[in-house]
Amino acid sequence: MLRVINKTSIATRTTQQALLKTAVRAFGASTHVKEEVEVFIDGKSVMVEAGSTVIQACEKAGADIPRFCYHERLAVAGNCRMCLVEVERAPKPIASCAYPVMPGMKVKTDSPLVHKAREGVMEFLLYNHPLDCPICDQGGECDLQDQSMRYGSDRGRFNEPMGKRAVEEKNFGPLINTEMTRCIQCTRCVRFANDIAGATELGTSGRGNDMQISTYIEKTIDSEMSGNVIDLCPVGALTSKPYNMKARPWELKKYETIDVSDAIGSNIRLDTRGVEVMRILPRLNEDVNEEWISDKTRFFYDGLKVQRLTTPLIRDGDRFVPSSWEAALKRVGHELANTEGNAAKAVAGHLADAESMVALKDLFNRMGSENLAIDAPNGSKPLAISPDFRSNYSLNSTIAGAEEADVVLLVGTNPRHEAPILNTRLRKAWIHKGQDLGLIGQADDLNYEYAHIGDSSKDIEKILDGSHPFAQRLAEAKKPMIIVGSSVVENAKDSEYLLSKVSELSEKFNKTLFQDGWNGMNILQRAASRTAAYEVGFVPTSSEASATPVKFLYLLNADEVSASDIPKDAFVVYQGHHGDVGAQYADVILPGSAFTEKNATYVNTEGRTQITRAGVNPPAAAREDWKIIRALSEVAGHTLPYDDLSSVRSRLSDVSPALTRYDVIEQPSITQLGLSTQRKSNVSSTGEVLSSVIKNFYRTDPISRASSTMAKCTKTWVAGKDVEA
């Protein structure tokens with residue numbers, strides 16, 4: 001039946017294409033709407049798309065169908081048989097997850113026959129299931145528990161001399177705890193690993209009672225998305241190893257917030273107990289992360305408890321001495337007041353929020369300084385991109401839109417490490433839509449096949465002159481997409497050359513790159529703060545300001561600095577939440593708040609403004625970042641005109657109205673004009689190899705570097721490779 005439906009849809013598309021070619025105007029040119037059929041669910045008429053499954057029709061009708069193996073984002077397996085329903089004239093109950101709807105079909109979801117069938121299935125599922133509920137981490141949020149209350153019996157008929165089946169535990173790595181005796185073989189984890197995460201080593205072996213889920217040859221699951229199988233597992237077979245035996249779900253308070261470990265801005269939920277973050281789970285957002293999060297997002301929270309800055313510190317020789325806020329701010333205010341103009345420099349790091357960057361920029365502007373920088377090798381001089389145009393620093397095609405592209409060119413980026421959520425969407429399009437990908441830069445395993453055009457910056461010429469076969473594919477594409485990595489802007493020596501050539505490329509393919517409702521030119525940011533920094537203008541403005549000898553250096557969450565970045569004899573202030581790299585160079589340390597402890601604004605790589613919500617209080621004397629800067633401005637004699645969060649956000653709105661329009665993407669309208677400002681004729685390539693800027697995915701920010709879980713991941717999957725500790 002499904003083959004017939006697929007053939008029909010292919011024939012329909014072919015007919016439409018023929019109509020578009022031959023007719024000036026045709027109805028086929030309008031948006032294609034799938035044919036709907038009428039089905040009856042428990043006597044209620046429902047219109048559903050032809051080719052839908054019965055379980056989808058039941059959901060649309062509001063009927064609750066129990067399931068263990070079925071999941072909306074995974075391939076249909078039909079393993080568990082828990083979703084049995086009765087269909088008129090069918091000889092026996094059918095599995096609703098794997099049965100397509102037919103016109104006029106009449107379905108009963110709660111008849112005595114259906115109830116008895118589900119009770120039988122439940123009895124078989126519990127036949128070998130251990131009675132571990134009191135000690136199982138899944139207790140309280142277990143699908144099997146819930147359904148056994150509805151369909152389970154008060155007694156069992158199990159009578160096997162050999163006892164219940166027992167399975168040897170597997171080692172999936174430091175993140176996933178396995179109790180495979182509890183497994184009901186729904187294969188959700190296998191389908192996720194193969195279809196979405198790209199970890200094809202996970203599968204099933206054996207048959208019948210001997211069937212097991214394993215990696216064939218014993219090994220860990222090496223994937224940046226592996227933790228999602230914990231959420232998918234309907235029983236307690238796969239649970240979180242760091243969270244093991246730590247808390248019960250009814251003990252936890254839940255807060256909805258945003259992730260800052262990368263620039264995707266994944267929607268997450270904090271589960272807290274007292275002043276401690278106990279775990280992080282994904283929230284559903286179809287436009288951003290769907291319902292997945294990366295392993296770093298899910299497990300780096302233990303870094304929030306260690307190496308924290310809890311009180312102001314002032315350097316005394318080779319050591320730091322605890323101080324009061326009054327004394328620390330007076331010391332910093334005195335040094336700042338005695339520094340003239342551009343001799344005062346401010347650097348914004350990867351985790352800085354929009355409120356604190358605006359406050360710091362306003363303060364330094366009032367002091368007469370325009371010497372602002374971002375935390376990157378190229379960040380202290382005017383950048384190769386023009387930040388006056390939003391399209392020059394955004395993922396204009398959007399994260400969800402990446403699935404629509406038919407040809408994608410990656411320039412100097414490794415999305416598997418820089419944006420794992422975006423990488424899963426590219427993999428999905430590669431599997432289901434045949435998306436064609438090409439890469440200019442260091443070759444790496446991206447979980448999908450791609451054409452490797454070259455390693456160095458000058459290899460972009462192969463696309464411009466058409467000498468590489470991928471150039472022809474890009475020219476023939478209907479919806480091409482070019483993704484330039486942020487490392488090209490922030491790290492590469494050839495950044496001006498590369499961005500100039502990308503501008504030429506966009507002009508060459510402008511008819512397909514820029515269409516109504518489609519913008520194929522993209523910059524993929526990797527730092528949570530970076531898009532907001534461009535938006536508020538927290539970037540180097542002139543070579544003259546950048547060249548001024550620095551006497552006062554303010555590091556706002558800047559931890560990617562090195563000794564060579566610290567001017568000699570400069571007074572250094574570090575404001576942040578962890579005693580990481582930046583703190584060791586400071587003369588005064590001001591303790592700030594982590595993203596879980598403040599209400600702050602972040603803008604993700606596609607330009608979507610989102611806010612974090614505080615789930616716990618900052619430790620000890622730590623304060624919110626913008627409040628520290630506001631207090632400092634008063635001590636320095638240049639008081640900023642806002643006293644509360646609403647006033648700061650009003651200032652954000654003055655700077656850019658998009659910063660207070662939450663969960664909305666402001667689409668730029670003058671992209672081509674913005675690109676033309678980056679095109680230069682007097683630049684050349686040095687032949688620089690575009691190596692991957694992230695050497696260790698698990699340790700990229702102060703929180704993950706403080707996390708013992710991320711250290712274990714590094715030891716398991718990265719140790720032995722050429723990485724930065």
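Keep in mind the model is a prediction, meaning the values are calculated, not measured.

**Things to note about the overall build of the protein chain**
- Scanning the protein chain from N- to C-terminus turns up 23 helices and 28 strands.
- Overall, the C-alpha framework of the protein chain stretches about 90 × 70 × 50 Å when taken along its three principal axes.
- Put simply, the protein chain has 725 residues, and 56% of those count as buried.
- Of the contacts made within the protein chain by residues no fewer than 6 positions apart, 69% connect residues no fewer than 24 positions apart.
- Of the roughly 31,300 Å² of accessible surface on the protein chain, a fraction of 49% belongs to carbon and sulfur atoms.
- Side-chain charges in the protein chain split into 85 positive and 94 negative, and the spacing between the mean points of these groups amounts to 4 Å.

**So, the sheet that holds strand β11 (residues 267-273)**
- Reading across the sheet, the three strands line up as β10-β11-β12 and stay open at both edges, with antiparallel pairing between neighbours. Edge positions in the open sheet fall to β10 (253-258) and β12 (276-282), since each of these has one partner strand only. Geometrically, the sheet is characterised by an average inter-axis angle of 30° between neighbouring strands, direction not taken into account.
- Here β10 runs beside β11; their pairing, made up of six bridges, is antiparallel. Residue pairing in the sheet places Lys 254 in a bridge with Asp 271 of β11.

**A look at the packing of aromatic side chains**
- A full pass over the atoms with the stated rule returns nine aromatic pairs.
- Arranged with centres 4.9 Å apart and planes meeting at 55°, the rings of Phe 192 and Trp 292 form a pair that is tilted. Separated by 100 residues along the polypeptide, Phe 192 in helix α5 (residues 188-197) and Trp 292 in the loop between β12 and α7 (295-299) bring together distant segments of the chain. For the pair formed by Phe 192 and Trp 292, the shared burial category is buried.
- Site record: aromatic cluster; members linked through ring pairs are Phe 364, Phe 552, Tyr 554 and Phe 571.
- A cation over a ring is seen here: Lys 296 above Phe 697, with NZ or CZ 4.5 Å from the ring centre.

**Re the packing of helix α8 (residues 325-337) against helix α19 (residues 625-636)**
- Taken N-terminus to C-terminus, the directions of α8 and α19 make an angle of 60°; their axes are 8 Å apart at the nearest point. When the axis of α8 is compared with that of α19, the two are oblique. Considering the relative orientation of α8 and α19, their crossing is right-handed. On α19, the residues that touch Trp 325, Leu 329, Lys 330, Val 332, Gly 333, Leu 336 and Ala 337 of α8 are Ile 628, Ala 631, Leu 632, Val 635 and Ala 636.
- Residues belonging to the contact of α8 with α19 are distributed by class as follows: 10 nonpolar, one polar and one charged.

**Points about the sheet that holds strand β26 (residues 588-591)**
- Pairing in this open sheet of seven strands is mixed, and the strands run β14-β13-β26-β25-β24-β15-β16 from one edge to the other. Taken across any chain shown, the strands that pair with only one partner, and hence form the sheet edges, are β14 (319-322) and β16 (372-374). Each strand axis lies, on average, 20° off the axis of its neighbour in the sheet, ignoring direction.
- Here strand β15 (residues 344-348) runs beside β16; their pairing, made up of three bridges, is parallel. When the sheet's bridge partners are listed, Ala 348 is paired in β16 with Ile 374.
- Helix-sheet contacts for α19 involve β24 (552-556), β25 (571-576) and β26, and the interaxial angle to β24 is about 155°.

**A word on the pairing of β25**
- Of all six residues making up β25, six are buried, and the element is well covered by its neighbours.
- Burial along β25 is two-sided: Phe 571, Val 573 and Gln 575 and Val 572, Tyr 574 and Gly 576, pointing in opposite directions, are all buried.
- Bridge count for β24 against β25 is five bridges, and the pairing is parallel. Bridge pairing in β25 links Tyr 554 to Val 573.
- By the bridge criterion, four bridges tie β25 to β26 in an arrangement that is parallel. Bridge pairing links Tyr 574 to Ile 589 in β26.

**Focus: the nonpolar core**
- One finds Phe 192 and Leu 422 to be the most contacted residues of the largest nonpolar core, which totals 88 residues.
- At six residues, the largest contribution of residues to this core is made by α5.
- Apart from residues lying up to four places away in sequence, Phe 192 is in contact with Leu 74, Ala 197, Met 225, Asn 228, Val 229, Leu 232 and Trp 292.
- Of all hydrophobic cores here, the second largest spans 79 residues; its members include Leu 329, Leu 464, Ala 471 and Phe 514.

**Notes on the confidence of the model for the protein chain**
- Mean pLDDT over the protein chain: 88, with 94% of residues reaching 70 or higher.
- Residue range residues 1-31 is modelled with pLDDT below 50. Its contacts to residues more than four positions away, or to other chains, number eight contacts.

**A word on the environment of Asn 682**
- Turning to its location among the elements, Asn 682 is positioned in the loop between α21 (671-676) and α22 (702-706).
- Judged by its relative accessible area of 68%, Asn 682 falls in the exposed class.
- Measuring from C-alpha to C-alpha, the distance between Asn 682 and His 578 comes to 43 Å, with 104 residues separating the pair along the chain.

**Section: the side chain of Ser 261**
- Its place among the elements puts Ser 261 in the loop between β10 and β11.
- Overall, Ser 261 belongs to the buried group, its relative accessible area being 6%.
- Side chain to side chain, Ser 261 and Thr 297 meet in a polar contact 3.1 Å long.

**Re the side chain of Thr 601**
- With respect to the secondary-structure elements, Thr 601 resides in strand β27 (residues 601-603).
- A polar atom in the side chain of Thr 601 sits 2.6 Å from the side chain of Glu 355.
- Among all residues touching Thr 601, those that are not within four sequence positions of it are Asp 353, Ala 354, Glu 355, Thr 609, Gln 610, Ile 611, Arg 649, Leu 652, Leu 659 and Tyr 662.

**Quick look at the pattern of salt bridges**
- Evaluation of the coordinates by the stated rule reveals 44 salt bridges.
- Close ionic contact of Asp 362 with Arg 651 constitutes a salt bridge, the shortest N to O distance being 2.8 Å. A residue pair is termed long-range when its members are at least 10 positions apart, and Asp 362 in helix α9 (residues 354-366) and Arg 651 in helix α20 (residues 645-655) qualify at 289 residues.
- Under the relative-accessibility criterion, Arg 651 is labelled partly exposed at 29%.
- Of the charged contacts in the structure, one is a salt bridge between Glu 490 and Arg 530, with a shortest N-O distance of 2.8 Å. Placement of Glu 490 in helix α14 (residues 486-490) and of Arg 530 in helix α17 (residues 530-536) is noted, with a sequence separation of 40 residues between them. Each member of the pair Glu 490 and Arg 530 is classed as buried.

**Section: unusual backbone geometry**
- Of note, the phi angle at Arg 89 is positive, near 75°, even though the residue is not glycine.
- With respect to the secondary-structure elements, Arg 89 resides in the loop between β3 (84-87) and β4 (94-95).
- Taking the relative accessible area as the measure of exposure, Arg 89 reaches 78% and is therefore exposed.
- A positive phi angle, near 50°, is found at Ala 620, a position not held by glycine.
- Its place among the elements puts Ala 620 in the loop between β28 (609-611) and α19.

**Here we look at helix α4 (residues 143-151)**
- Leu 144, Gln 147 and Tyr 151 are the residues of α4 that are buried. Angular distribution of buried residues about the axis of α4 spans 70°; they occupy a single face of the element.
- If you follow the buried residues of α4, they end up packed against α3 (112-127).

Here is what the cut-offs are and how they apply
Residues numbered from 1 in each chain as written. Predicted model: local features only at pLDDT ≥ 70, side-chain atom pairs only at ≥ 80, totals over all residues. Heavy atoms only, no water. Helix = DSSP H or I, 4+ residues; strand = E, 2+ residues; numbered from the N terminus. Buried < 20%, exposed > 50% of the residue type's maximum accessible area, 1.4 Å probe, protein only. Contact = heavy atoms within 4.5 Å. Areas by Shrake-Rupley, 256 points an atom, 1.4 Å probe, with all protein chains shown as cover. Lys, Arg positive; Asp, Glu negative; His and termini not counted. Charge placed at Lys NZ, Arg CZ, Asp CG, Glu CD. Pairing = 2+ DSSP bridges. Axes fitted to C-alpha atoms, helices over the stretch in contact; angles between N-to-C directions. Phe/Tyr/Trp six-rings, centres within 6.5 Å; stacked < 30°, edge-to-face > 60°. Lys NZ or Arg CZ within 6 Å of the ring centre and 35° of its normal. Parallel < 35°, antiparallel > 145°, perpendicular 65-115°, else oblique. Left-handed = near helix turned anticlockwise from the far one by under 90°. Nonpolar A, V, L, I, M, F, W, Y, C, P; charged D, E, K, R; others polar. Core = buried A, V, L, I, M, F, W, Y, C linked by side-chain atoms within 4.5 Å. pLDDT = per-residue confidence, 0-100. Polar contact = N/O pair within 3.5 Å; in protein donor to acceptor, adjacent residues only side chain to side chain. Salt bridge = Lys/Arg side-chain N within 4 Å of Asp/Glu carboxyl O. Arc of directions from axis to C-beta.

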